Amino acid sequence: MKSYLSLARNILASNRKQRLSFPYKLTFCVTYWCNYKCKTCNIWQRKPKDELTIDEIRDFFRRSDRFNWIDFTGGEVWLRKDFVEIVEAAIRYCPNLAMLHFPTNGYLSDRIVEGVKEIIKLRPPKFIVTISTDGDEAVNDYVRGKEGGWRRQIETYKQLHAMSGVEVVLGMTLSSLNVNEYGKAFAAVKQECPWLKPSDFHLNVAHESAHYYGNQGTDVLIKDRRAVIEQVRRYRDSRGVPTHPVALIEWLYLRNAEQYLDTGRTPMRCHALHSSCFVDSWGDVYPCGMYDARLASLREHEYDLERIWNLPVTKKTQAEIWDYKCPQCWTPCEANQSIFGNLFGQHTTRVPVSGKFGKSKSPLEPVIPAPLRLTQIERRKTGDV
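Within each chain, residues carry numbers counting from 1 in the order of the written sequence. Note on the predicted model: pLDDT of at least 70 is required for a residue's local features to be given, and 80 or more for side-chain atom pairs to be given and counted; whole-chain, interface and lining totals, by contrast, use all residues. Side-chain numbers here rest on the full set of heavy atoms in the structure, without hydrogens or water.

Colleague: Please give an account of the overall build of the protein chain that cites residues and values.
Modeller: The secondary structure content of the protein chain amounts to 13 helices and 9 strands. Summary of the burial criterion: residues with accessible area below 20% of their type's maximum are buried, those above 50% are exposed, and those between are partly exposed, where the area comes from a 1.4 Å probe applied to protein chains only. Put simply, the protein chain has 385 residues, and 58% of those count as buried. Contacts in the protein chain between residues at least 24 apart in sequence constitute 76% of all its contacts with a sequence separation of at least 6. With an accessible surface of roughly 16,200 Å², the protein chain has 53% of that area assigned to carbon and sulfur atoms. Elements are defined by DSSP. Helices are runs of H or I of four residues or more, strands are runs of E of two residues or more, and each kind is numbered from the N terminus. Residue contacts are counted whenever heavy atoms from the two residues lie within 4.5 Å of one another. Note on areas: Shrake-Rupley, 1.4 Å probe, and residue coverage restricted to the protein chains presented here.

Listed below in structure tokens is the structure:
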């Protein structure tokens, strides 16, 4: 109960213009290794070296212990053999942790199932696992570049669904490769899992990110935006009227996704660096997964995120994001805390900017500062050293 009260206080506080003294939401990419070859993402092309060790991660959570909500991500998180230890460190050192989530491609079924059992023993707070699936068997295996992947994903989903202590959902990313495939994807899973409901699926929209996905300039993202909007709308309608807070947040995400797809602009002021941040597997801190604006390294600040949170460059970048001077996106990793921080509709007054899809109501263009990235950092991360 204490952790949920802390989360509620931070959500209410985030509705003020003044940024929080510490982010309540963390997205933490624990590895860039991946065993899939998704056509919408180039993470799999990296051969990373010198990622944070388990001891470094323990130091990080020991010194940065005020998170209410942690999303672990990758790459594929289960390619780290110490992933359960990473989760254990977060649970041990963050006393007000209320929400724990990570996605997985679901391929390593035995390792994932056994690992989730170990995590449940740690008595985490609300615990959610998303298993990625991007179509029926044929489309999924094509888009995600892994023959036999869909069968493994559904097997993992079945086994996790049978467990108590964890909520498991399916996550589908809409791109030009599968924009009209949700109906077939849902029907294929329902044949295997008769209990399936539309709310067991979560739809999001493919994005570009230089520092995270490494997929800038790819030709597989959104082409026919009207088709994506119609698919999102049909899916939202299939979920029905939201009857609890989580369903309402999902409904609001989808409704605003339609606006984002129509305009190319973030539908409300973004709370990156106001309420949340992104940390990569080398300890480099970014506003979010989409904005290639490296702020600083945990390794250079004794793994103390609060120091980086209060740096002048962090405050300056947050002010730019608040004024829509960033790449513009609407990913669930950033959208949910923006929705929570806009409970009263007070943060929708915008500085007019051009959207990434070409519409514009003003000659002003978003200001996107050059990424603060060093050559040796990039070489280390791609394994070229």
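From this point, the discussion proceeds with the structure in view.
Colleague: Help me get a handle on the nonpolar core, residues and values and all.
Modeller: Phe28, Phe61, Phe72, Phe102 and Phe201 are the most contacted members of the largest nonpolar core, which totals 111 residues. Discounting residues that sit within four places of it in the chain, phenylalanine 72 has contacts with Phe28, Val30, Phe61, Val77, Phe83, Ile86, Val87, Ala90, Leu100, His101, Phe102 and Pro103. Nonpolar cores are built from buried Ala, Val, Leu, Ile, Met, Phe, Trp, Tyr and Cys residues. Side-chain atoms within 4.5 Å join them into one set.

Colleague: An account of the pairing of strand S1 (residues 25–29) is requested, with residue identities and associated values reported.
Modeller: Remark: a regular strand shows side chains that alternate across the two faces of the sheet. Taking burial as the measure, the 5 residues of S1 include 5 buried ones, the bulk of the element. Covered by surrounding structure in S1 are Lys25, Thr27 and Cys29 together with Leu26 and Phe28, the residues of both alternating faces. Note on pairing: DSSP must find at least two bridges between two strands before they are called paired. In the sheet, S1 pairs with strand S2 (residues 69–73) via 5 bridges, with the strands oriented parallel. Each bridged residue has a counterpart across the sheet, and for cysteine 29 the counterpart in S2 is threonine 73. Seen with its strands pointing away from the viewer, a crossover is right-handed if its path from the first strand over the helix to the second goes clockwise. Each parallel crossover has a hand, and for S1 linked through helix H2 (residues 54–63) to S2 it is right-handed.

Colleague: Tell me what's going on with the packing of aromatic side chains, and back it up with residues and numbers.
Modeller: Two rings from Phe, Tyr or Trp (for Trp, the six-membered ring) form a pair when their centres are within 6.5 Å of each other. A pair whose planes differ by under 30 degrees is stacked, one over 60 is edge-to-face, and the rest are tilted. According to the stated counting rule, one finds 26 aromatic pairs in the structure shown. Ring centres 6.4 Å apart and planes at 85° place the aromatic pair phenylalanine 61 and phenylalanine 67 in the edge-to-face group. In this structure, phenylalanine 61 and phenylalanine 67 share a single accessibility class: buried. For the ring pair tyrosine 157 and tryptophan 195, a centre distance of 6.2 Å and an interplane angle of 35° mean the geometry is tilted. On the criterion of sequence distance, the pair formed by tyrosine 157 in helix H6 (residues 149–161) and tryptophan 195 in the loop between helix H7 (182–192) and strand S6 (201–205) is long-range, its members being 38 residues apart.

Colleague: Requested: an account of unusual backbone geometry, with residues and values cited.
Modeller: Glycine aside, residues mostly have negative phi, and peptide bonds are mostly found in the trans state. Here the phi dihedral of tyrosine 303 falls at roughly 60°; this positive angle occurs in a residue that is not glycine. Unlike most non-glycine residues, glutamine 328 shows phi in positive territory, near 75°. In this fold, glutamine 328 is placed in the loop between helix H11 (312–322) and helix H12 (332–340).

Colleague: Describe the pattern of salt bridges, with residues and values.
Modeller: Any carboxyl oxygen of Asp or Glu within 4 Å of a side-chain nitrogen of Lys or Arg constitutes a salt bridge here. Under the definition given, this model contains 27 salt bridges. A salt bridge links aspartate 134 to arginine 144, with the shortest nitrogen-to-oxygen separation between them at 3.1 Å. Of this pair, aspartate 134 sits in the loop between strand S4 (126–132) and helix H5 (137–143) while arginine 144 is found in the loop between H5 and H6, placing the two residues 10 residues apart along the sequence. Each member of the pair, aspartate 134 together with arginine 144, is buried. If you follow the salt bridges from partner to partner, you end up with Glu137, Arg151, Lys158 and Glu192 in one network.

Colleague: Lay out the sheet that holds strand S9 (residues 296–297) in plain terms, naming residues and giving numbers.
Modeller: Taken together, 9 strands build an open sheet; the order of strands is S6-S5-S4-S3-S2-S1-S7-S8-S9 and the sheet is mixed. The open sheet has two edge strands, S6 and S9, and neither has a second partner. Between N-to-C directions, angles span 0 to 180 degrees; the directions come from axes that are lines fitted to C-alpha atoms, helices contributing only their stretch in contact. Each of S2 and strand S3 (99–104) is contacted by helix H3 (residues 83–93), which is oriented at about 165° to S2, the strand it contacts most.

Colleague: How would you explain H6 if you had to name every residue and give the values?
Modeller: Since the α-helix advances by 3.6 residues per turn, residues separated by three or four positions end up pointing in the same direction. Every helix has an expected span of 1.5 Å times one less than the residues it contains. The end-to-end C-alpha separation of H6 is 18 Å, in line with the 18 Å expected for 13 residues at 1.5 Å each. Restricting attention to buried positions, one finds in H6 the residues Gly149, Trp150, Gln153, Ile154, Thr156, Tyr157 and Leu160. For H6, the arc enclosing every buried residue in end-on projection is 160°, short of the 170-degree limit, so these residues lie on one face. Where the residues of H6 are buried, they touch helix H4 (109–121), S4, H5, strand S5 (167–174) and H7. When we speak of the arc, we mean the arc of directions from the helix axis to the C-beta atoms.

Colleague: Residues and numbers for the packing of H6 against H7, please.
Modeller: Running from N to C, H6 and H7 point in directions that differ by 55°, and their axes come no closer than 11 Å. Considering the angle they form, H6 stands oblique to H7. The way H6 lies across H7 gives a crossing that is right-handed. Note on element contacts: H7 touches H6 through Ala188, Val189 and Glu192, opposite Trp150, Arg151, Ile154 and Lys158. For this classification, under 35 degrees means roughly parallel, over 145 means roughly antiparallel, 65 to 115 means roughly perpendicular, and everything else is oblique. For any pair of crossing helices, the crossing counts as left-handed if the nearer helix is rotated counterclockwise from the farther one by less than a right angle, and right-handed if it is rotated clockwise.

Colleague: Please set out the packing of H4 against H6 residue by residue, giving values where relevant.
Modeller: Running from amino to carboxyl end, H4 crosses H6 at an angle of 20°, the nearest separation of the two axes being 9 Å. Considering their axes alone, H4 and H6 lie roughly parallel with respect to each other. By crossing handedness, the relation of H4 to H6 is classed as right-handed. Counted together, Ser109, Ile112, Val113 and Val116 of H4 and Arg152, Glu155, Thr156, Gln159 and Leu160 of H6 form the full contact between these two elements. Lys, Arg, Asp and Glu make up the charged group, whereas Ala, Val, Leu, Ile, Met, Phe, Trp, Tyr, Cys and Pro make up the nonpolar group; the residues left over, Gly among them, are polar. By residue class, the composition of the contact of H4 with H6 is 4 nonpolar, 3 polar and 2 charged.

Colleague: So what about the side chain of asparagine 215? Which residues, and what values?
Modeller: Relative to the elements of secondary structure, asparagine 215 occurs in the loop between S6 and helix H8 (225–239). For asparagine 215, the contacting residues outside a window of four places in its chain are Thr40, Cys41, Asn42, His207, Glu208, Ser209 and Leu221.

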